[in-house]
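Listed here are the chains, written in short residue letters.
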Amino acid sequence: MEQKEISQAVISRLPRYFRYLGELKDEGVERISSQELSELMQVTASQIRQDFNNFGGFGQQGYGYNVEYLYDEISKILGLNKTHHLIIIGAGNLGQAIGNYMNFERRGFILKGLFDCNPALEGKKVRGISVQPMDHIGEFVKENDIDIAVLTIPKTSAVAIAEELVSYGIKAIWNFAHVDLHVPEGIQVENVHLSDSLMKLSYNINRYNSENTESRQGEGR
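This one's a predicted model, so the numbers in the text were calculated from it and none came from an experiment.

A. Region of interest: the side chain of N175. Among the structural elements, N175 can be located in strand β8 (residues 172–175). Relative accessible area serves as the criterion here: at 0%, N175 is assigned to the buried category. Looking at N175, its side chain comes within polar contact range of the main-chain oxygen of V179, at 2.7 Å. Of note is the side chain of N175, whose polar atom sits 2.8 Å from the side chain of N191. Setting aside residues up to four positions removed in sequence, N175 forms contacts with L151, L181, V189, E190, N191 and V192.

B. Broad picture of the sheet that holds strand β3 (residues 84–89). Read across the open sheet, the seven strands follow the order β5-β6-β4-β3-β7-β8-β9; overall the sheet is mixed. Here the strands that pair on one side only, and so sit at the sheet edges, are β5 (125–126) and β9 (188–191). Two elements, strand β7 (residues 148–151) and β8, share four bridges in a ladder whose sense is parallel. Each bridged residue has a counterpart across the sheet, and for V150 the counterpart in β8 is W174.

C. Just the layout of surface pockets, in detail. Looking at the largest pocket, its volume works out to about 1600 Å³. What lines the largest pocket is a set of 30 residues, and nearest its centre among them are P15, L78, L80, F109 and E190. For the lining of the largest pocket, the elements supplying multiple residues, two or more each, are α1 (8–26), α4 (67–77), β3, α6 (103–106), β8 and β9. It is α1 that contributes the most residues to the lining of the largest pocket, seven residues altogether. Residue composition of the lining of the largest pocket, by class: 16 nonpolar, six polar and eight charged.

D. Here's a closer look at empty space enclosed by the protein. According to the stated counting rule, one finds one cavity of 30 Å³ or more in the structure shown. Its boundaries defined by the atoms lining it, the largest cavity holds a volume of some 60 Å³. At the level of elements, β3, α5 (93–99), α6 and β4 (109–115) are the ones that each hand at least two residues to the lining of the largest cavity.

E. Broad picture of the pattern of salt bridges. The final tally for this structure, using the stated rule, is three salt bridges. We note a salt bridge from R13 to D51, for which the minimum N-O separation is 2.7 Å. Of this pair, R13 sits in helix α1 while D51 sits in helix α3 (residues 45–53); the two residues are 38 residues apart in sequence, bridging distant segments of the chain. For D51, a relative accessible area of 1% translates into the label buried.

F. Seen up close, a nonpolar patch on the surface. There is a patch of nonpolar side chains on the surface, built from L198, L201 and I205 and spanning about 310 Å² of accessible area. Following the sequence through the fold, L198 ends up in helix α9 (residues 194–220).

G. Structural detail: the packing of α1 against α3. Contact geometry for α1 and α3: axes closest at 11 Å, N-to-C directions at 105 degrees. The angle between α1 and α3 places the two elements in the roughly perpendicular class. Residues V10, R13 and Y17 of α1 lie in contact with α3, whose contacting residues are Q47, I48, D51 and F52. Class assignment of the residues belonging to the contact of α1 with α3 gives a composition of four nonpolar, one polar and two charged.

H. Examining the confidence of the model for the protein chain more closely. Averaged over every residue, the pLDDT of the protein chain is 90; the share at 70 or more is 93%. The element-level mean pLDDT for the protein chain is lowest in α9, coming to 81, with β7 highest at 97.

I. Region of the structure containing the pairing of β7. Alternating positions in β7 separate into two faces, I148 and V150 on one and A149 and L151 on the other, with burial throughout. Summarising the sheet, β3 and β7 pair through four bridges and their orientation is parallel. Across the sheet, the residue bridging to I89 is L151, located in β7. Where the polypeptide runs from β7 across helix α8 (residues 155–168) and back to β8, its parallel neighbour, the crossover connection is right-handed.

Basis of the calculations
- Every chain's residues receive numbers from 1 upward, in the order its sequence appears when written.
- Local features in this predicted model are restricted to residues of pLDDT 70 or higher, and side-chain atom pairs are both shown and tallied only at a pLDDT of 80 or more, whereas totals for entire chains, interfaces and linings draw on every residue.
- The basis for every side-chain value is the complete set of non-hydrogen atoms in the structure, without hydrogens or water.
- Each helix is a run of DSSP H or I of at least 4 residues and each strand a run of E of at least 2, with the numbering of both proceeding from the N terminus.
- When accessible area is computed with a 1.4 Å probe and restricted to protein chains, residues below 20% of their type maximum are described as buried, those above 50% as exposed, and intermediate ones as partly exposed.
- Polar contacts here mean pairs of N or O atoms no more than 3.5 Å apart (in protein, one a potential hydrogen donor and the other a potential acceptor; neighbouring residues in sequence count only if both atoms are side-chain atoms).
- In this description, contact between two residues means that some pair of their heavy atoms is separated by no more than 4.5 Å.
- The pairing criterion is simple: DSSP has to find at least two bridges between the two strands.
- Residues are called lining when one of their atoms sits within 4 Å of a cavity or pocket point, these points coming from a 1 Å grid over the protein atoms alone, where a cavity is a set in which a 1.4 Å probe fits but cannot get out and a pocket is an open set with protein on both sides within 12 Å along at least five of seven lines.
- Grid points are joined across faces, edges and corners, and a volume is the space filled by probe spheres set on the points.
- Side-chain classes follow a simple rule in which Ala, Val, Leu, Ile, Met, Phe, Trp, Tyr, Cys and Pro form the nonpolar group, Asp, Glu, Lys and Arg form the charged group, and the remainder, Gly included, forms the polar group.
- What makes a salt bridge here is a side-chain nitrogen of Lys or Arg within 4 Å of a carboxyl oxygen of Asp or Glu, nothing more.
- Put simply, a patch holds well-exposed residues, over 30% relative accessible area, that have no salt bridge, with like charges counted together within 9 Å and Val, Leu, Ile, Met, Phe, Trp or Tyr side chains within 5 Å.
- Residue-level accessible areas treat just the shown protein chains as cover; the underlying method is Shrake-Rupley with a 1.4 Å probe.
- Fitted lines through C-alpha atoms give the axes, limited to the stretch in contact for helices. The angle between two N-to-C directions lies from 0 to 180 degrees.
- For classification purposes, an angle smaller than 35 degrees is called roughly parallel, one larger than 145 roughly antiparallel, one from 65 to 115 roughly perpendicular, and anything else oblique.
- Each residue carries a pLDDT score, the predictor's own confidence in it, on a scale running from 0 to 100.
- By the criterion used throughout, a crossover qualifies as right-handed when its path from the first strand across the helix to the second strand runs clockwise, the strands pointing away from the viewer.

So, in C-alpha cells, the structure goes:
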C-alpha cells in the first residue's frame, strides 16, 4: 500500500504537538479536545484535526483525544520509539553544547563520538566521551552502527565531509554548517541555519515596530 505524502508544514508541527502532549501527560491530564489543545498551542482546532487526520485521526468526535495514546502515537510517527546513534563532527563551542544537551538521550538520540581536526581538542571529554581525530570517523561509524552525523564545522569543509560520511554509510545529517547540503537520494538532511532564525526574529521586531509607529501616527492625526 502506497504511503500518503505528508506536507513538510504538517511534519514541522509534529514535534510541537509532541512537546505539548508530553507536558500535559506529566501534569496528569488524561483527555483533551482539539479546542483545548488549540488554546494552548495557538493553532486552530481545525488545523489540529486536519494534521492528525493525515495519520488516522486518533480522536473521537465529542470525546477528544487520549493524551497518553496520542503522545505515544506521535512518538512512533517521529521515530522516537527507536534508538538512533549519532556522532558530532566539530567539537568547538556549538559541538560541545549539543554534546552536553542531555534531553536528546531522553528522545533516543545517543551520542557515541565526537571528532575534530584541531589537535588541541583531541582527548577533550564531553560527558565522558573523548574527542577523536577526523581520520577515525570511517572505522568508528561502521563499528558503532552510527546513523546520524551532526555537522558543526565551517562551510568550507562541510560539503567534502558530508560526501565522506555518506560513503561510510551515514543515513542522516543534521547540518549546522552555513551551507545547504545536497546528498544522494535516500540520505536525509536537516539544514539548520541559526542566522536565518535570528533574521526572521529581526524581521518580526521590525514589522511590529513599524505597525505600532503607524498606529500611533494615525491616532495623532
